[in-house]
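# A look at the structure
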Amino acid sequence: DQQVKQNSPSLSVQEGRISILNCDYTNSMFDYFLWYKKYPAEGPTFLISISSIKDKNEDGRFTVFLNKSAKHLSLHIVPSQPGDSAVYFCAASEVGGGADGLTFGKGTHLIIQP
Amino acid sequence: DAGVIQSPRHEVTEMGQEVTLRCKPISGHNSLFWYRQTMMRGLELLIYFNNNVPIDDSGMPEDRFSAKMPNASFSTLKIQPSEPRDSAVYFCASSFRTVLETQYFGPGTRLLVL
């Protein structure tokens with residue numbers, strides 16, 4: 001049973017527009033959420049994170065929103081650039097429960113079109 | 001720092017053979033994680049260590065899989081005997097103790113079991 005779900009396997013967005021990647025989770029014990037970005041033949045790299053005590057975290061062009069009641073988070077990239085084309089993984093953890101391992105979604109392949 | 005180092009980068013073996021994957025974490029990191037990525041299941045946590053001690057191995061699929069961390073700078077993931085369904089990309093990641101510190105991933109080992 002997938003505890004972290006990314007329901008869109010792929011997303012195509014025009015350069016300069018906003019990219020919105022979505023993620024849903026089922027485990028109410030998750031209290032820390034992260035987004036990782038992955039290029040082909042490379043390991044995932046950390047992008048941005050958010051604690052469950054917040055509902056928004058911003059870092060440059062990247063903003064993560066968390067809706068705890070809906071168990072939903074999203075990553076906004078604005079403006080989208082060609083270098084943003086990659087697979088984006090949503091991940092979650094139970095920090096408060098002492099669990100250090102991450103539970104990942106299956107990823108969304110973002111394609112930025114010129 | 002060179003980042004997380006994994007070897008080999010690619011491994012092709014025949015069913016029934018023993019496979020050993022190696023990982024060198026980032027110096028100073030005291031948590032090490034092994035993940036597996038497949039098309040069907042995405043990125044899954046297999047096992048993680050804190051200060052060389054295995055903390056959670058609930059993700060290890062079967063007894064054929066074993067992991068060790070004899071010291072702070074080296075870990076192995078062994079599959080014996082290997083099966084075609086073990087074909088996947090295996091990632092090693094490291095971080096400081098708390099998950100609030102981002103995990104840094106290695107480039108992965110692409111394993112193909114024929």
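The present account deals with the structure reproduced in this document. (Residues numbered from 1 in each chain as written. Chains lettered and ligands numbered in written order. Predicted model: local features only at pLDDT ≥ 70, side-chain atom pairs only at ≥ 80, totals over all residues. Heavy atoms only, no water.)

### Quick word on the overall build of chain A
What chain A contains, in helices and strands, is zero helices and 11 strands. Along the chain direction, N to C, the helices and strands of chain A fall in the order β-β-β-β-β-β-β-β-β-β-β. Taking 2.2 N^0.38 as the reference for a compact globule, 114 residues should give roughly 13 Å; the C-alpha atoms of chain A span a radius of gyration of 13 Å, in line with that estimate. Each of the 114 residues in chain A was classed as buried or not, and the buried ones make up 45%. In chain A, the share of contacts with a sequence separation of at least 24, taken over all contacts with a separation of at least 6, comes to 55%. Taking the average location of the 10 positive side-chain charges in chain A and that of its 11 negative ones, the two points are 4 Å from each other. (Helix = DSSP H or I, 4+ residues; strand = E, 2+ residues; numbered from the N terminus. Rg over C-alpha atoms; globule rule 2.2 N^0.38 Å. Buried < 20%, exposed > 50% of the residue type's maximum accessible area, 1.4 Å probe, protein only. Contact = heavy atoms within 4.5 Å. Lys, Arg positive; Asp, Glu negative; His and termini not counted. Charge placed at Lys NZ, Arg CZ, Asp CG, Glu CD.)

### Some points on the packing of aromatic side chains
Residue and element names in this part refer to chain A. This model, assessed by the stated rule, comprises 12 aromatic pairs over all chains. On the numbers, 5.9 Å between centres and 75 degrees between planes, the contact of Tyr36 with Phe46 is edge-to-face. Pair noted here: Tyr36 is in strand E4 (residues 32-38) and Phe46 is in strand E5 (residues 45-51), with a separation of 10 residues, a long-range link. Given the relative accessible area of 33%, Phe46 is considered partly exposed. (Phe/Tyr/Trp six-rings, centres within 6.5 Å; stacked < 30°, edge-to-face > 60°.)

### Here's the deal with the interface of chain A and chain B
Tallying the contact residues gives 20 residues for chain A and 21 residues for chain B. Of the roughly 1600 Å² buried at the junction of chain A and chain B (both faces included), carbon and sulfur atoms supply 58%. Where chain A packs against chain B, one counts zero salt bridges. Along the contact surface separating chain A from chain B lie five residue pairs in polar contact (both at pLDDT 80 or more). For the side of chain A that touches chain B, the secondary-structure elements that each account for two or more residues are E4 and strand E9 (86-93) of chain A. Sort the elements by how many residues they give to the side of chain A that touches chain B and E4(A) lands first, with three residues. Its residues assigned to classes, the side of chain A that touches chain B shows 10 nonpolar, six polar and four charged. (Buried area = accessible area lost by both parts, 1.4 Å probe. Salt bridge = Lys/Arg side-chain N within 4 Å of Asp/Glu carboxyl O. Polar contact = N/O pair within 3.5 Å; in protein donor to acceptor, adjacent residues only side chain to side chain. Nonpolar A, V, L, I, M, F, W, Y, C, P; charged D, E, K, R; others polar.)

Functional significance is not addressed by these values, which are geometric in nature.
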